[in-house]
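Overview (structure and organization)
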Amino acid sequence: MVATEVASRLKQYQPSARILLVEAGPDVSNDPDILQFSTLNFIGGKFDWGYKSTPQKGYDGRQIDVPSGRALGGGSVINGCGWFRGSRSDYDSWAEVVNDQRWSYEGQLPYFKKTEKWYNDKNSDEHGRSGTMHIESPISTNRIYPLASTVEKAWEEFHVRQLPHNDSNAGANIGFGELNENRAQGARQIAPLAYPLDGVTVLTNTLVNSIIVDASNKATGIQLGDGTKVHADEVIVAAGAYRTPQLLMLSGLGPKETLDRHDIAVKADIPDVGQNFNDHVMVYLNWKLKDPSKGFAIGSSNEIFAEPRFATGTPLSHVAYTEVPRAALEAAIAKDEGVNGGVVDPNHHHLLKRDWALMENIVMYLAIPPVPTDGTHISTAQMALKPTSRGSVTIASADPADAPVIDPNYFATEVDRTVWRHSLRRIAAFMAGEDTVLGREVVAEKTPFPGFERIDAAGSSDAYLDSRVKAHGVSTFHGCGTCSMGKVVDTELRVKGVENLRIIDASVIPIAVGAHIQATVYALAEQAAVIIAKEKGVAI
Ligand SMILES: Cc1cc2nc3c(=O)[nH]c(=O)nc-3n(C[C@H](O)[C@H](O)[C@H](O)COP(=O)(O)OP(=O)(O)OC[C@H]3O[C@@H](n4cnc5c(N)ncnc54)[C@H](O)[C@@H]3O)c2cc1C
C-alpha cells in the first residue's frame, strides 16, 4: 500500500530522484471493478496472496485465513476502506517505546492530516481538508439507517458516551462516534490513484527475490525473480508485515538460527526480524429482530436500502469503543506475568499506564453468514483493540516464491481472554438485555451459531466464552510489527546494522495500535518520506 505513497512523495519532494518501484502483483488502477462498493469481495481473489496461518494453539489448532493485497497499491486494492485513527495514548506509547516524540500523537498528527480530505470542518484542528484521501461517513453520504438513532440511544443508555463532534478519529476514542471510510462518493480509493506515480518507473508482476547486501553490510540493490540484478543507491522495503521479514531473511538479514537452518548466508544477525507480530481478532454475532417487517435490516422489504446512496458505504452507522474494568485487567496482567500476590505495578505495564478502549463494537444492519441476508437479523462485529498476544512470521524455505509462515499466536494471553469474556457478556447485555432500547424493543434474541449455545450476559461461563472465540475468532487483516521500530529499524526507518536500507510499511509499527491500521500506515509513510527528503537536504 505505502510503496506507492512513498515513491510518489519522494518524487514530488525531489523531482531529480530516479525511483524504481517493483511490485509482485499487477497494476489494477484502470480496473473499474476494484472501485466498487462490495469492499471485501476480493478476499480469496486474484489480488490476494491468500495466506493461511499455522494451526493456532489458542484456537485448538484451527487455521485462519490471512488475506493480503497483491497488486500495485497492496492492501488498498482489497481492503474494507474503514478509516480509523488510534487514540492519543496509542501514539504516545509508541513514542515512549522508541524514545522519539516524532512518533507521538502530536508528532504524527500533521501526517494524519496530510492524508485526509475530511468531509466536514467540525474538528479542524484534528483533520486535514486538502489531503490525499476523501473521507466519508454515513451522514455525509446521507445514509440515515432506520436503526441509527436507536443504536445511538442504546449506547447512551449503556453509559457509553458520544464523542465530541461524533468523531472517534480525533485522538480520544473511549465512547462512540460515526463510521468513517476512505471513499469518494462510495468508490474505493486505491493508493496509486491517491498518490500518482508520474516520473516513477514501475515494474509490476515482478517478484523481488532478495536485497543485495555487500561485504561491508551496505544494501546495493535488489535481485528480481528472473535473476536480474538492479543497482540502487538506496533500497526501501515496503512488502508488508508478512513479506518484508521474509525478504530480509532471504537476503541474509534475520535470526541467525533461522538463516542457518535454510542455508542462507548470514549478513546480519537480527533476531527480531519476524517477531512481535500482532493482529486484531474479530468476532461476529447474529441477532434476531422482534419484528422484521419494520425494515431495520438489509434484505427486508424496506425500499430505502435500494436507494443508490445506501450503496456508498458499509451498512452501519456507529463505532463504539469500550473499556474493561481495571481490576480485571490487573488480575489478568498479574497472571500473564506471574506476579506474586497478583499485584502489578501500574507504572510498569503499558495497559495500566494510560486509559484504553480495549474493544471496538459495531452494530451492522444486516446478517452475517450462516444466517441469510433476509431482513430477519442484524449483527455485531467486535474487534479486540490492544491484544497482548504476539506471534511471528518466518520463512518456510529459501525459495522466495514460497509463502511465509505466519503464526499470529492468537488468544494466547489471559489479558486477551479477559477482554473477550468481558466484552462478549457486555454485547449480549447491550443487544438483548433490558438496559437498552435495542434489547427492550428491537432484538428478540441472540441467534446461536450452529452447534453452540446462545451467549448469555449473566449465564455464560468463562470457558464457554473462550470456546466461542476459539471457534469463531477471525483476523481483521491488520498484521503488523514484524520489523518493529526500535528493534529492527531505528526511528528514521533505517535497518539497524545495514547501510542504505529502510523499511516503510506496517511491519515497523512497534505496538498494537488500537484501531484498524491503514490510516496509521499511510501517516507513518508520509512522515517517513519527509524524513528521507530532509536527509537529502530538501526543504519541506
Ligand atoms: C482484506 C483486507 C481488508 C482490510 N480492511 C481494512 C480496513 O477496512 N481498514 C483498515 O484500516 N485496514 C484494513 N486492512 C489493512 C490494510 O490494508 C493493511 O494494513 C495495509 O495494506 C498494509 O500496508 P503495507 O504497505 O504495509 O502492506 P501491503 O498493503 O500488503 O503492501 C505490500 C505490497 O508489497 C508487494 N510485495 C510483497 N512481497 C513482494 C516481493 N517480494 N516483491 C515485490 N512485491 C512484493 C505486495 O504484493 C503488496 O502489494 C485490510 C487488509 C486486508 C488484506
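Residues numbered from 1 in each chain as written. Predicted model: local features only at pLDDT ≥ 70, side-chain atom pairs only at ≥ 80, totals over all residues. Heavy atoms only, no water.

Take the overall build of the protein next. In terms of helices and strands, the protein carries 13 helices and 24 strands. The globule rule puts the C-alpha radius of gyration for 540 residues at 24 Å, and the 23 Å found for the protein is close to it. Across its three principal directions, the C-alpha atoms of the protein cover 70 × 55 × 40 Å. If you take every contact in the protein between residues at least 6 apart in sequence, the share linking residues at least 24 apart comes to 71%. A total of about 20,800 Å² of accessible surface is found on the protein, and carbon and sulfur atoms cover 50% of it. For the protein, the distance from the average position of its 52 positive side-chain charges to the average position of its 65 negative side-chain charges is 1 Å. (Helix = DSSP H or I, 4+ residues; strand = E, 2+ residues; numbered from the N terminus. Rg over C-alpha atoms; globule rule 2.2 N^0.38 Å. Contact = heavy atoms within 4.5 Å. Areas by Shrake-Rupley, 256 points an atom, 1.4 Å probe, with all protein chains shown as cover. Lys, Arg positive; Asp, Glu negative; His and termini not counted. Charge placed at Lys NZ, Arg CZ, Asp CG, Glu CD.)

What links the strands of a sheet is backbone hydrogen bonding, and the strands pair in either a parallel or an antiparallel sense. Here three strands make up an open sheet; going across it, the order is 10-11-12 and the pairing antiparallel. In this open sheet, the two strands that pair with only one neighbour each are strand 10 (208-213) and strand 12 (229-231). Taken over all neighbouring pairs, the strand axes of this sheet differ in orientation by 25 degrees on average, direction set aside. (Pairing = 2+ DSSP bridges. Axes fitted to C-alpha atoms, helices over the stretch in contact; angles between N-to-C directions.)

Turning next to the packing of aromatic side chains. For the structure shown, the criterion picks out 19 aromatic pairs. A ring pair is formed by phenylalanine 305 and phenylalanine 310, whose centres lie 5.8 Å apart and whose planes are at 80 degrees; its orientation type is edge-to-face. Exposure remark for phenylalanine 305: the relative accessible area of 16% places this residue in the buried category. Ring geometry for phenylalanine 449 against phenylalanine 452: centres 6.4 Å apart, planes inclined by 70 degrees, an arrangement best described as edge-to-face. (Phe/Tyr/Trp six-rings, centres within 6.5 Å; stacked < 30°, edge-to-face > 60°. Buried < 20%, exposed > 50% of the residue type's maximum accessible area, 1.4 Å probe, protein only.)

The subject of this paragraph is the domain arrangement of the protein. A common measure of how large an interface is: the accessible area buried when the components associate. For the protein, the assigned domains are domain 1 (1-30 + 71-136 + 192-278 + 477-540) and domain 2 (144-179 + 281-384 + 411-472). Computed over C-alpha atoms only, the centres of domain 1 and domain 2 are separated by 32 Å. In total, about 1,700 Å² of surface goes out of reach between domain 1 and domain 2, with carbon and sulfur atoms giving 45% of it. The interface formed by domain 1 and domain 2 contains two salt bridges. The partner of arginine 354 in a salt bridge is glutamate 96, with the nearest N and O atoms 3.0 Å apart. One can count 12 residue pairs in polar contact (both at pLDDT 80 or more) joining domain 1 with domain 2. Among the residues making up the side of domain 1 that touches domain 2, the classes are represented as six nonpolar, 10 polar and eight charged. (Domains from an automatic or database assignment. Buried area = accessible area lost by both parts, 1.4 Å probe. Salt bridge = Lys/Arg side-chain N within 4 Å of Asp/Glu carboxyl O. Polar contact = N/O pair within 3.5 Å; in protein donor to acceptor, adjacent residues only side chain to side chain. Nonpolar A, V, L, I, M, F, W, Y, C, P; charged D, E, K, R; others polar.)

Right, let's get into the side chain of threonine 520. Relative to the elements of secondary structure, threonine 520 occurs in helix 13 (residues 518-535). On the accessibility criterion, threonine 520 (0% relative accessible area) is buried. If we skip the residues at most four places from it in the chain, threonine 520 touches Tyr91, Trp94, Phe112, Ile509 and Val513.

Moving on, we come to the site of the ligand. With respect to spatial proximity, 35 residues lie near the ligand, and among them Met1, Glu23, Gly75, Val208 and Gln518 are the closest. Glycine 82 is positioned with one of its backbone polar atoms (N or O) 2.9 Å from an oxygen atom of the ligand. Between the ligand and isoleucine 517, the relevant distance is 3.2 Å, taken from an oxygen atom to a main-chain nitrogen or oxygen of the residue. Of all the secondary structure elements, the ones that give two or more residues to the shell around the ligand are helix 6 (240-250) and helix 13. A class-by-class count of the residues in the shell around the ligand yields 19 nonpolar, 12 polar and four charged. (Near = heavy atom within 4 Å.)

This brings us to the side chain of glutamine 56. Residue placement: glutamine 56 occurs in the loop between strand 2 (51-52) and strand 3 (65-66). According to the relative accessible area criterion, glutamine 56 is buried, its value standing at 1%. There is a polar contact of 3.0 Å between the side chain of glutamine 56 and the backbone oxygen of threonine 54. A polar side-chain atom of glutamine 56 sits 2.9 Å from the main-chain amide nitrogen of tyrosine 410. In this view, glutamine 56 contacts Gly61, Arg62, Ile64, Asp407, Pro408, Asn409 and Tyr410; residues no more than four positions away in its chain are not counted.

Attention now goes to the packing of helix 2 (residues 88-98) against helix 3 (residues 105-114). Between helix 2 and helix 3, whose axes approach to 8 Å, the crossing angle comes to 115 degrees. The residues of helix 3 that touch helix 2, namely those facing Arg88, Tyr91, Asp92 and Trp94, are Tyr105, Glu106, Gln108 and Phe112. Of the residues in the contact of helix 2 with helix 3, the class split is four nonpolar, one polar and three charged.

With that out of the way, let us pick up the nonpolar core. Trp94, Ile211, Leu493, Leu501 and Ile503 are the most contacted members of the largest nonpolar core, which totals 92 residues. Sort the elements by how many residues they give to this core and helix 13 lands first, with 12 residues. Each of domain 1 (1-30 + 71-136 + 192-278 + 477-540) and domain 2 (144-179 + 281-384 + 411-472) contributes no fewer than three residues to this core. Among residues more than four places away in sequence, those in contact with leucine 501 are Ile211, Ala219, Val235, Val237, Leu253, Leu493, Arg494 and Val495. (Core = buried A, V, L, I, M, F, W, Y, C linked by side-chain atoms within 4.5 Å.)

Right, let's get into the packing of helix 8 (residues 326-337) against helix 10 (residues 414-432). Relative to each other, helix 8 and helix 10 sit at 155 degrees, their axes nearing to 8 Å. Between helix 8 and helix 10, the angle falls in the class roughly antiparallel. Along this stretch, helix 8 crosses helix 10, giving a crossing that reads as right-handed. In this structure, helix 8 uses Ala328, Leu329, Ala332, Ile333, Lys335 and Asp336 to contact helix 10, whose residues at the interface are Glu414, Val415 and Thr418. Counted by class, the contact of helix 8 with helix 10 contains five nonpolar, one polar and three charged residues. (Parallel < 35°, antiparallel > 145°, perpendicular 65-115°, else oblique. Left-handed = near helix turned anticlockwise from the far one by under 90°.)

Tallying each qualifying case throughout the model produces 31 salt bridges. Two residues, arginine 502 and glutamate 535, come together in a salt bridge whose shortest N-O distance is 2.8 Å. One end of the pair, arginine 502, is in strand 24 (residues 501-503); the other, glutamate 535, is in helix 13, and 33 residues separate them in sequence.

Bringing the environment of serine 104 into the picture now. Along the polypeptide, serine 104 turns up in the loop between helix 2 and helix 3. As a C-alpha pair, serine 104 and isoleucine 503 span 399 residues in sequence and 19 Å in three-dimensional space. What serine 104 contacts, discounting residues up to four positions off in sequence, is Tyr91, Asp92 and Ala95. Looking at serine 104, its side chain comes within polar contact range of the main-chain nitrogen of glycine 107, at 3.1 Å.

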